[in-house]
Amino acid sequence: MNTLIEVRDLSKTFTLHPQNSVALNVLRGLDFSVLSGECLVLHGQSGAGKSTLLRTLYGNYLPTAGSIRVLHRGQWLELRGAEPRQIMAVRQHTLGYVSQFLRVIPRVATLDIVMEPALSRGWEQPRAKARAEALLARLNIAKPLWQLAPGTFSGGEQQRVNIARGFMVPWPVMLLDEPTASLDDANRQVVLELINETKAAGAAVIGIFHDRLAREAVADRHLDMTPTPSTAKESLQC
Amino acid sequence: MNSAHAMNDATQAARQADRAQPLLQVRGLGKLYGPQKGCQGVDFTLYPGEVLGIVGESGSGKSTLLSLLSGRCPPDAGVIDYRRRDGRWLDVYSASEAERRTLLRTEWAFVEQNPRDGLRMSVSAGANIGERLMAQGVRNYQALRAAGLDWLAQVEIDPQRIDDLPRTFSGGMQQRLQIARNLVSGPRLVFMDEPTGGLDVSVQARLLDLMRGLVRELDLAVVLVTHDLAVARLLADRLMVMRRSQVVEAGLTDQILDDPQHPYSQLLVSSVLQP
Amino acid sequence: MNAATQPRPRRDDAYNFAYLDEQTKRMIRRGLLKAVAIPGYQVPFGGREMPLPYGWGTGGMQLTAAILGADDVLKVIDQSADDTTNAVSIRRFFARTAGVATTEQTAQASIIQTRHRIPETPLTADQIMVFQVPNPDPLRFIEPLESETRTLHALKDYGVMHVKLYEDIATFGHIATAYAYPVTVAGRYVMDPSPIPKFDNPKLHMSPALMLFGAGREKRLYAVPPYTQVSSLDFEDHPFAPQRWEQHCAICGSEDTFLDELIVDDQGTQSFVCSDTDYCAQRVAQGRDGQ
């Protein structure tokens, strides 16, 4: 089993200029790596910086110090300081991210939202459509909803659409931010199956799971993010 | 629109090869009308298929920068190099005016904020769409007609209205017509100045969705000026934040909007309702 | 119909020859040389005030004055007739100020100043046509800025010219522009041929006569030298076509000339006659008639 993502001495500090330049040290000196087929679960209470870590890995937040390296199309790439277009390429081919919330684009149909990652990789339309329909069916989204924009769907439905989109294409490295939160048992089970299939296909998974059952079903290792007294923060970000 | 998604391998391969090289290289670009009025020291590289958003408050230099980039106004300093379809590089302001104008009506396009500035209001929708083709030498009426009907459908205007004057169209339709008029020549680089500026919110959503689809389907590179961060998030891959004639921060759109670094970017992002 | 040539009258010495001063005529001739050298290109010139208002042919008169010599024979037509008020007064103007012979016969004339028509009688290499032009720039209808139209001409950027023809076909099913129909001169400049009917456009092509155009209000002159290619703009699937008539001339019986429609009684009875009065009169003199 080979390493797919490697994090060294990663720190993230938010400096809030409009508020007297208060500095929030959310991540400090993190070191870890994740192997192919392995699931690393982030552990720590609310505010420990778990979501911040995922967003930093995804390039959504800029790391303050340290290194994030991913194996992108057979080559190691340092994400800290990478060009936007390199990060876009990594997001297209290597790094998948499923958050709790679907960012709804007005007027775009559910099926098109789910297919998008595949189409941007150049999949043929029929292949993408077949895969998207299978995922939506598996996640119990009623067929009449597929052609509708998900803006008016319930929170749970939107979350499942988002999960279908996240699992649309195989990702070498996958970041999961509470994908099972607020899902019923049946749907949670489907998501856990999807995660295990992704692992079996060789992905390195880094995830946040609040419920214990989900954690136990997929976790191989834990990363303890409970802040030590020296890294205690003044307040919470995001 | 779906037909284009099923691209054949040859198209894919050609796009991949094209995407590996920059389309536009901008170095040290500037034009000042007074201290911190205008823009200065702008550097960036744009690749095919990339959407670059330029954000900032009024007077920050966004529009000046767009005029310089789009060949409409010569800069005081700096160089813009553009890689043409035939692979040759063109220094936009060292080129003759004839070359620059040819570029502007073939490989480049400009979508104005006010459709009245970008359309010929006194001639029909079909003539508006056909003009770039006629300028390129198309002399077949039926071919122009077919292009007009096709593009009206693509921008979701009833093709039956091909002979109507733009002034009989709603604001959103006029803006979509302007987009059709620009895209008919198959440009590779499109400049947009607040394209959703004067439109109702409901009409904006439709236009944004249409533009997103066209940008991906046609693999367009876009330089988009907007003060609306929600528009920037929806359309742009990358952002440049301008303030007092300078670019204060540049990066991935979601990174700039969710984790802005510069004090001004933080103020800008925190000053708007959550996009 | 009297088509006789009037002999040279006595010149009125109170005026300089042909009214304009020599410096002005020289300046206009320099402009004309440039216009001939660059076929179809609009040359600006310092137009003078003439003793009649703009719109009455001041542009054409200044060109005529600049090229007129004592031995020339002048013909002036307005609406293609020699006997309309404007034609008569311009002819008299030059007879008095230049003392030149005048004529109503196309074949006798060395200089023909015209508004609206090119004569039906074929022109020869020793004749010069002078056109009175109201709107010299064919791009003006779509582009009001002079600086912009000049750039468009300079860059041969003529896409908008076809926009107008497209609109015609979209609206009427055919190109409905019937006069001042734009042409390309020598494959380079697009030119407004003045308000002649498109029926006359083919006469510009490879004409043995020199064609000069003058716009008094706009102070522009341009030229088509002899034997120059002149093509009318069109579409492949809607080619240029001059007007044709089902009828023939009620006076001379001509079937291939430009006809004017007349309403001859209160019942609205139509009659068609040649618009070129001289041509018609000569055919009648040769014994042709419309019966």
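Quick caveat: nothing in here was measured; it's all calculated off a predicted structure.

Draft legend 1. Region of interest: the overall build of chain A. Helix and strand counts for chain A come out as seven helices and nine strands. Here chain A has a C-alpha radius of gyration of 18 Å; the compact-globule value for 238 residues is 18 Å, and the two agree. For chain A, the spread of C-alpha atoms along the principal axes amounts to about 55 × 40 × 35 Å. Relative to its 238 residues, chain A shows a buried fraction of 51%. Charged side chains of chain A number 26 positive and 22 negative; the gap between the two group centres comes to 4 Å.

Draft legend 2. Fine view of the pairing of strand E10 (residues 246-252) of chain B. Residues and elements named next belong to chain B. Judged from the six bridges that link them, strand E9 (residues 238-243) and E10 form a sheet pairing that is antiparallel. Looking at E10, one finds that Arg243 is bridged to Gln246. Hairpin connection, E9 to E10: the antiparallel pair is bridged by two residues, and Arg244 has positive phi, about 45°.

Draft legend 3. Summary view of the interface of chain B and chain A. Listed as interface residues are 31 residues of chain B and, on the opposing side, 27 residues of chain A. Between chain B and chain A, roughly 2500 Å² of surface is buried when both sides are summed, and carbon and sulfur atoms account for 52% of that area. Our enumeration of links across chain B and chain A arrives at three salt bridges. Of the charged contacts in the structure, one is a salt bridge between Lys12 of chain A and Asp259 of chain B, with a shortest N-O distance of 2.6 Å. In terms of residue count, helix H8 (residues 201-217) of chain B provides more of the side of chain B that touches chain A than any other element does, five residues in total. Grouping the amino acids of the side of chain B that touches chain A by side-chain chemistry returns 10 nonpolar, eight polar and 13 charged.

Draft legend 4. A look at the confidence of the model for chain A. Averaged over every residue, the pLDDT of chain A is 90; residues scoring 70 or more account for 95%. Scored below 50 in pLDDT, residues 229-238 of chain A shows 18 contacts in the model against residues more than four places distant or in partner chains.

Calculation rules
- As a convention, each chain's residues are numbered from 1 in the sequence order in which they are written.
- Both sets of labels track the order of writing: A upward for chains, 1 upward for ligands.
- Local features are withheld for residues below a pLDDT of 70 in this predicted model, meaning they are given only at 70 or higher, and side-chain atom pairs are given and counted only at 80 or more; totals for whole chains, interfaces and linings count all residues.
- Only hydrogens and water are removed before side-chain values are computed, so all heavy atoms of the structure are retained for them.
- Runs of H or I in DSSP of at least four residues are treated as helices and runs of E of at least two as strands, each being numbered from the N terminus.
- Our radius of gyration looks at C-alpha atoms and nothing else; its globule reference is 2.2 Å times the residue count to the power 0.38.
- Each residue's exposure class comes from its accessible area (1.4 Å probe, protein chains only) as a fraction of the maximum for that residue type: buried when under 20%, exposed when over 50%, partly exposed otherwise.
- Charge assignment in this entry is limited to Lys and Arg as positive and Asp and Glu as negative, and neither His nor the chain termini are counted.
- By convention, the point assigned to a charge is CZ for Arg, NZ for Lys, CD for Glu and CG for Asp.
- By the convention used here, strands pair only if DSSP detects at least 2 bridges between them.
- The criterion used for residue contact is that any of the two residues' heavy atoms lie within 4.5 Å.
- Reported buried area values correspond to the accessible surface (1.4 Å probe) lost by two parts on association, with both partners' losses combined.
- Here a salt bridge means any side-chain nitrogen of Lys or Arg lying within 4 Å of a carboxyl oxygen belonging to Asp or Glu.
- Under this grouping Gly is polar, as are all residues other than the nonpolar Ala, Val, Leu, Ile, Met, Phe, Trp, Tyr, Cys and Pro and the charged Asp, Glu, Lys and Arg.
- The quantity known as pLDDT measures the predictor's confidence residue by residue, on a range of 0 to 100.

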